[in-house]
Amino acid sequence: MKKLLISTVLLLGLSMNVSAQKHPPVPPHPSKSELVNIKMQELTKKYNTEKKLILNHPLATKQMKRDQMKALNQRYATEKRLLRQAK
């Protein structure tokens with residue numbers, strides 16, 4: 001009986017100690033405009049890396065590079081327009 005009482009008190013004390021611990025505060029959520037700006041920066045970075053890859057490709061001809069750059073510019077423009085609409 002004594003062991004049961006001790007173990008119950010000990011278990012109750014530990015469970016109260018765990019529940020009394022403070023949880024870390026939730027990080028603040030970025031606003032919609034901040035999210036759009038972050039996405040815009042990521043899009044620009046991605047565009048620049050793809051552009052560099054296209055222009056520095058050793059086997060592509062000038063015509064191939066021109067066509068790929070045209071397609072990349074169109075895709076970038078549409079994605080940028082969609083982001084601006086989201087603002």
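Presented here is a report on the structure given in the accompanying data block.

The rules we used
- Residues numbered from 1 in each chain as written.
- Predicted model: local features only at pLDDT ≥ 70, side-chain atom pairs only at ≥ 80, totals over all residues.
- Heavy atoms only, no water.
- Axes fitted to C-alpha atoms, helices over the stretch in contact; angles between N-to-C directions.
- Helix = DSSP H or I, 4+ residues; strand = E, 2+ residues; numbered from the N terminus.
- Parallel < 35°, antiparallel > 145°, perpendicular 65-115°, else oblique.
- Contact = heavy atoms within 4.5 Å.
- Nonpolar A, V, L, I, M, F, W, Y, C, P; charged D, E, K, R; others polar.
- Salt bridge = Lys/Arg side-chain N within 4 Å of Asp/Glu carboxyl O.
- Buried < 20%, exposed > 50% of the residue type's maximum accessible area, 1.4 Å probe, protein only.
- Expected span 1.5 Å × (residues − 1).

**Let's talk about the packing of helix H2 (residues 32-55) against helix H3 (residues 62-86)**
Here's step 1: Running from N to C, H2 and H3 point in directions that differ by 180 degrees, and their axes come no closer than 10 Å. Of the possible angle classes, the one that applies to H2 and H3 is roughly antiparallel. The residues of H3 that touch H2, namely those facing Lys32, Val36, Lys39, Met40, Leu43, Thr44, Tyr47, Glu50, Lys51, Ile54 and Leu55, are Lys65, Gln68, Met69, Leu72, Asn73, Arg75, Tyr76, Glu79, Lys80, Leu83, Arg84 and Ala86.
Here's step 2: Its residues assigned to classes, the contact of H2 with H3 shows 11 nonpolar, three polar and nine charged.

**A closer look at the pattern of salt bridges**
Here's step 1: Considering all chains together, one arrives at two salt bridges under this definition.
Here's step 2: Here arginine 75 makes a salt bridge to glutamate 50, at a shortest N to O gap of 2.5 Å. Note that arginine 75 is positioned in helix H3 and glutamate 50 in helix H2, a separation of 25 residues in sequence.
Here's step 3: For glutamate 50, a relative accessible area of 22% translates into the label partly exposed.
Here's step 4: A salt bridge links arginine 75 to glutamate 79; its shortest N-O distance comes to 4.0 Å. In this pair, arginine 75 and glutamate 79 are both assigned in helix H3, four residues apart and thus about one turn of the helix distant.

**Quick notes on H2**
Here's step 1: If you check H2, its first and last C-alpha atoms are 34 Å apart, about what 24 residues at 1.5 Å a residue would give, namely 34 Å.
Here's step 2: Every buried residue of H2 is accounted for by Val36, Met40, Leu43, Tyr47 and Ile54.
Here's step 3: Those residues of H2 that are buried lie in contact with H3.

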